[in-house]
Amino acid sequence: MTANGAVWRNGVWRNWGRSESIRPQRVERPRDAEAVQRAVVAAAKQEMRIKAVGAGHSFTGIAAAPGVLLDLEDVSGVLDVDLERGRVRLAAGTRLHQLPRLLRPYGLALQNMGDIDRQTIAGATSTGTHGTGGSFGGLATQIVAVTLVTGTGELLTVSEDENADLLPAVRLGLGALGVIVDITVQCVPAYLLKAVERPEPLQQVLDSYLERSAREDHFEFYWFPHTETGLTKTNTRLPLTEPRAPLSAAGRWLDDELLANGVYRGVCAVGTVVPGIIPPFSRLAQKLTGNRDFTDHSPRVFVTNRGVRFREMEYALPREAVPGALAEVKALIERRGWRISFPIEVRSAAADDNWLSTAHGRETGYIAVHRYYREDPTEYFAAVEEIMTAHAGRPHWGKLHTRDAESLRDAYPRFDAFLAARDRLDPDRRFDNAYLRRVLGP
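Note that this is a predicted model, so its numbers are computed, not measured.

Draft legend 1. Spotlight on the nonpolar core. Residues Trp397, Phe418 and Leu440 are the most contacted members of the largest nonpolar core, which totals 75 residues. The contacts of leucine 440, once residues within four sequence positions are left out, are Leu174, Ala176, Leu356, Ala405, Phe415, Phe418, Leu419 and Arg422. Judged by nonpolar contacts, the second largest core, of 37 residues, contains Val308, Phe310, Leu332 and Tyr373.

Below is the structure:
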């Protein structure tokens with residue numbers, strides 16, 4: 001097993017969710033941009049496909065590399081810092097969980113983060129990873145420059161000053177435009193977050209979702225199917241001069257490790273054999289968790305440890321559609337009599353101008369559904385996807401869905417502009433794979 005969550009066994013690479021596997025023809029581990037460039041040029045001469053893999057946290061086959069697999073684990077760390085503007089250039093393989101340590105000497109932090117930090121910076125931004133916060137965009141919106149190796153082997157810089165017309169494409173490029181070797185991120189001064197987590201009646205949460213998503217810095221909630229309670233999480237940004245009140249080591253272990261991972265893993269495993277235990281456990285879980293206050297450095301509040309393996313589908317909707325769509329999912333679960341052990345997660349993001357961003361051009365809300373990795377998610381996900389598509393939903397690129405290029409073209413106003421950028425940067429489809437052919441076309 002690698003440190004990043006993916007696993008190698010008998011020459012086969014598997015992602016963290018165990019939903020994708022591939023046996024590459026060759027594996028290369030470059031140490032710098034020049035080595036990446038040499039690998040792409042060599043692959044082109046041999047007429048082989050080549051792809052970089054990150055942490056393996058995508059549930060789709062977006063990083064599957066049947067030809068040459070590039071492992072960028074050694075292309076890591078801080079390359080340059082512009083303190084005056086708060087910008088940091090990071091090697092593409094840098095893990096998000098390394099950033100607090102790397103940015104601390106400069107007094108900087110990411111403007112927003114998701115709740116998992118095992119991904120690489122290039123993998124997270126290329127697939128559209130986001131956190132929550134109605135006034136904050138996903139990770140890709142924080143990018144001000146990218147260096148990548150194109151399909152013809154060119155080392156290309158894309159920034160506000162060079163090839164600026166490509167920036168809305170390469171910030172969130174799905175790995176289809178080139179191999180990213182470094183990313184320059186616009187950071188902000190380090191800050192604290194005051195976290196308030198509360199269980200509330202679900203209908204009350206749905207009724208207030210739009211107002212709270214707009215008003216609060218970072219608002220989200222979870223709903224355990226088979227309950228009438230939403231577990232709300234509200235994070236408020238504070239300067240570092242405010243007093244910290246972090247969770248105690250014992251409290252964090254009890255809530256985030258013993259209950260959220262240890263006990264929950266056992267229930268999910270038993271629930272695959274005895275589904276009837278799931279509803280009473282969900283009702284117990286919503287009583288035992290989701291009621292605490294603490295203040296800490298932003299990464300320690302944004303991020304939680306996810307030790308229970310699962311598979312996920314997430315859809316981005318026009319924000320005003322979220323309460324109604326979730327109500328439809330709730331009715332669906334009740335009508336079908338399914339026993340769903342994993343909570344449904346609801347978040348939000350600001351509109352942005354990245355061409356394939358799920359939040360492109362609209363204030364966005366997200367609904368994410370999950371299933372334990374030993375359960376078959378097909379029927380559940382397909383039925384939920386039908387609801388989401390009816391509400392003009394856009395699927396997360398790194399999470400399971402069945403959409404193809406024909407249907408996605410209607411969902412993204414700049415879809416064809418992205419395809420034109422792909423033709424320009426990878427005319428021979430050096431970075432192609434089965435997933436990209438499905439969602440982008442040949």
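Draft legend 2. Main features of the sheet that holds strand E6 (residues 68–71). Judged by pairing direction, the sheet is parallel, and its 3 strands sit side by side in the order E4-E6-E5 without closing on themselves. Two strands lie at the open edges of the sheet, namely strand E4 (26–28) and strand E5 (50–53), each paired on one side alone. Within the sheet, the average angular offset between the axes of one strand and its neighbour, ignoring direction, is 25°. With 3 bridges connecting them, E4 and E6 associate as parallel partners. Bridged to glutamate 28 within E6 is leucine 70.

Draft legend 3. Representation of unusual backbone geometry within the structure. With a phi close to 55°, arginine 18 is a non-glycine residue in the positive phi region. Turning to its location among the elements, arginine 18 is positioned in the loop between strand E2 (12–14) and strand E3 (21–22). A positive phi angle, near 80°, is found at histidine 226, a position not held by glycine. Note that histidine 226 resides in the loop between strand E15 (218–223) and strand E16 (229–239).

Draft legend 4. Region of the structure containing the pairing of strand E8 (residues 87–91). With respect to burial, E8 is a largely interior element, 4 of its 5 residues being buried. Bridging between strand E7 (residues 78–82) and E8 involves 4 bridges; their strand directions are antiparallel. Its bridge partner being in E8, valine 78 is matched across the sheet by leucine 90. Between E7 and E8, which follow one another and run antiparallel, lie 4 residues, and glycine 86 among them has a positive phi close to 70°. Where E8 lies against strand E12 (residues 179–186), 5 bridges are found, and the strand directions are antiparallel. Bridging from a neighbouring strand, arginine 89 pairs with threonine 184 of E12.

Draft legend 5. Spatial organisation of the side chain of asparagine 433. Residue placement: asparagine 433 occurs in the loop between helix H12 (415–425) and helix H13 (434–440). Residue classification places asparagine 433 among the buried positions, given a relative accessible area of 2%. Within the structure, the side chain of asparagine 433 is placed 3.0 Å from the backbone oxygen of glycine 61, a separation counted as a polar contact. When residues no more than four places from it in sequence are discounted, the contact partners of asparagine 433 are Lys51, Gly61, Ile62, Ala63, Ala64 and Pro66.

Draft legend 6. Here's a closer look at the packing of aromatic side chains. In this structure the tally under the stated criterion is 10 aromatic pairs. Both rings, one in tryptophan 16 and one in phenylalanine 310, keep their centres 5.1 Å apart while their planes meet at 75°; by these two values the pair is edge-to-face. Here tryptophan 16 is found in the loop between E2 and E3, whereas its partner phenylalanine 310 is found in strand E18 (residues 310–318), with 294 residues between them in sequence. For phenylalanine 310, a relative accessible area of 2% gives the class buried. A ring pair is formed by phenylalanine 59 and phenylalanine 310, whose centres lie 5.6 Å apart and whose planes are at 35°; its orientation type is tilted. Linking phenylalanine 59 in the loop between E5 and E6 with phenylalanine 310 in strand E18, this pair joins segments that are 251 residues apart in sequence.

Draft legend 7. Structural view of helix H5 (residues 202–215). Between its terminal C-alpha atoms H5 stretches 19 Å, which fits the 20 Å expected from 14 residues at 1.5 Å a residue. Taken as a whole, H5 carries its principal kink of about 55° at tyrosine 209. Taken together, the buried positions of H5 are Leu202, Val205, Leu206, Ser208, Tyr209, Arg212 and Ser213. Along its buried surface, H5 packs onto strand E14 (191–201), E15, E16, helix H9 (322–336), strand E19 (344–349) and strand E20 (364–372).

Conventions and cut-offs
- Residues numbered from 1 in each chain as written.
- Predicted model: local features only at pLDDT ≥ 70, side-chain atom pairs only at ≥ 80, totals over all residues.
- Heavy atoms only, no water.
- Core = buried A, V, L, I, M, F, W, Y, C linked by side-chain atoms within 4.5 Å.
- Buried < 20%, exposed > 50% of the residue type's maximum accessible area, 1.4 Å probe, protein only.
- Contact = heavy atoms within 4.5 Å.
- Pairing = 2+ DSSP bridges.
- Helix = DSSP H or I, 4+ residues; strand = E, 2+ residues; numbered from the N terminus.
- Axes fitted to C-alpha atoms, helices over the stretch in contact; angles between N-to-C directions.
- Polar contact = N/O pair within 3.5 Å; in protein donor to acceptor, adjacent residues only side chain to side chain.
- Phe/Tyr/Trp six-rings, centres within 6.5 Å; stacked < 30°, edge-to-face > 60°.
- Expected span 1.5 Å × (residues − 1).
- Bend = angle between axes of the 7 residues up to and from the residue.

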